[in-house]
Amino acid sequence: MTQSAIIERLATLRAGLNEYNYQYYVLDAPTVPDAEYDRLMQELKALESQHPDLITPDSPSQKVGGEPVSAFGEVAHEVPMLSLDNAFDDDEFHAFVKRMGDRLKRDLQGGFCCEPKLDGLAVSLLYENGQLVRGATRGDGRTGENISANVKTIANVPLMLRGAGYPARLEVRGEVFMTRSGFEKLNQSQVEQGKKVFANPRNAAAGSLRQLDSRITASRPLTFYAYSVGLAEGGALADSHYGRLQQLKDWGLPLCPEIRLVEDAKGCTAFYQQILQKRDNLAYEIDGVVIKLNDLALQQELGFVARAPRWAIAWKFPAQEEMTELLDVEFQV
Ligand code: NAD
């Protein structure tokens, strides 16, 4: 490829991915299957890694999500809400483990926390003195949308934490999603009312949560599972990721029951296989597993790259089916 052909291809990929990001994150109405998006993103990343001088800060490979919609009101994330790097096969997963070992120059003690990768949208919940005071979307990672009224309508989101010992300011992060049965029922009722149906549970969840009228959100079957802590002030937390998740559970936050702590990379591979086999029987859609280094001191040492932590990876499942046609979905803002 000549230099000008590379520059042209980079521009085409960036323009296409930016448009797909806008459709997916802002409109909740994607027009291409995720597998196609992932393929274009991989091509962009491969070209950029061969030509690092051509990486621009505004490239979709360097950015998280999409622009927040101003009608909701903005929330500045005190701790950025990042994305995750992907592994698409066993070799890429093992390369991730090796990269961490090489960087730390010692054994990865403390094990790995293995979690299903829930296919919904990331949400931040801020608790002050145990009370839920704010809910926000991830947005572009630095600024999210204020959806406080909407998150308060989700049945399994506690408005008050239980027990004692939680930090005075505690930001819980997790995924809002729709179960398969909730999605079926919602689409059935959309059809009965002559309204547009949703393309899949992920779009239904995003479209339902990002509503300016929280009564609409309240009528939708949304569920929340916590998967990490963002900000924590005024109180001590466990020194492992898994330990923190157990604390969140004690304080009344719902966790995905499939989460497991394993010792080593072999344990992660076994978890991946088990969840892949269970995938179709789970009540909700997942698109892979997330593997996180459990020891928080090691996580801190590894730090972050542009848009993702170095200590976690989304190990994606093979695409189940490519959408042949994406249905028109409701536009809510
Ligand atoms: P991602 O979905 O690959 O990974 C990060 C997200 O995973 C987090 O923000 C969180 O919401 C979610 N997650 C689920 N379970 C989690 C857990 N246990 N722990 C931590 N995080 C968990 O990254 P992304 O940047 O949100 O989205 C990129 C993906 O979205 C693409 O790979 C593609 O599949 C899809 N996408 C599709 C289109 C399209 O047009 N079809 C456009 C943009 C993005």
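The chain goes by DNA ligase in an unreviewed UniProt entry, where it is assigned to Bowmanella denitrificans.

Near the ligand lie 25 residues; those nearest to it are Tyr25, Asp38, Ser83, Glu175 and Lys316. In this structure, an oxygen atom belonging to the ligand sits 2.8 Å away from a side-chain N or O atom of Lys117. Note that a nitrogen atom of the ligand is positioned 3.1 Å from one of the backbone N or O atoms of Leu118. Protein contact buries 94% of the 820 Å² of open area that the ligand shows by itself.

This brings us to the UniProt feature "active site" (unreviewed entry) in the chain. Per the UniProt record, "active site" (unreviewed entry) is annotated on Lys117. Among the structural elements, Lys117 can be located in strand E3 (residues 112-118). Judged by its relative accessible area of 18%, Lys117 falls in the buried class. If we ignore the near neighbours within four places in the chain, the residues touching Lys117 are Glu285, Ile286, Asp287, Gly288, Val289, Val290, Ala314 and Lys316.

Moving on, we come to the sheet that holds strand E7 (residues 169-177). Two pairing modes exist for strands in a sheet, parallel and antiparallel, and in both the strands are linked by backbone hydrogen bonds. Strand order in the open sheet formed by four strands is E5-E4-E7-E8, and the pairing between neighbours is antiparallel. The open sheet has two free edges, formed respectively by strand E5 (131-137) and strand E8 (223-233), since each of these has just one partner strand. Shown here is a sheet whose adjacent strand axes are inclined to one another by a mean of 25 degrees, direction ignored. Packed on one face of the sheet, helix H6 (residues 201-209) meets strand E4 (121-128) and E7 and runs near 40 degrees to E4. Together, E7 and E8 form the strand contacts of helix H8 (residues 241-250), whose direction differs from that of E8 by roughly 110 degrees.

Let us now look at the sheet that holds E3. If you walk across this open sheet you meet the five strands as E2-E11-E10-E3-E9, and the pairing is mixed. Edge strands, defined here as strands with exactly one partner in the open sheet, are strand E2 (85-87) and strand E9 (260-262). Averaged over all pairs of adjacent strands, the angle between their axes in this sheet comes to 35 degrees, without regard to strand direction. Pairing geometry for E3 and E9, over three bridges, is antiparallel. Looking at the pairing, Cys113 lines up with Leu261 of E9.

Thresholds applied
- Residues numbered from 1 in each chain as written.
- Predicted model: local features only at pLDDT ≥ 70, side-chain atom pairs only at ≥ 80, totals over all residues.
- Heavy atoms only, no water.
- Near = heavy atom within 4 Å.
- Polar contact = N/O pair within 3.5 Å; in protein donor to acceptor, adjacent residues only side chain to side chain.
- Areas by Shrake-Rupley, 256 points an atom, 1.4 Å probe, with all protein chains shown as cover.
- UniProt positions renumbered as here; feature names shortened; annotations may be inferred.
- Helix = DSSP H or I, 4+ residues; strand = E, 2+ residues; numbered from the N terminus.
- Buried < 20%, exposed > 50% of the residue type's maximum accessible area, 1.4 Å probe, protein only.
- Contact = heavy atoms within 4.5 Å.
- Pairing = 2+ DSSP bridges.
- Axes fitted to C-alpha atoms, helices over the stretch in contact; angles between N-to-C directions.

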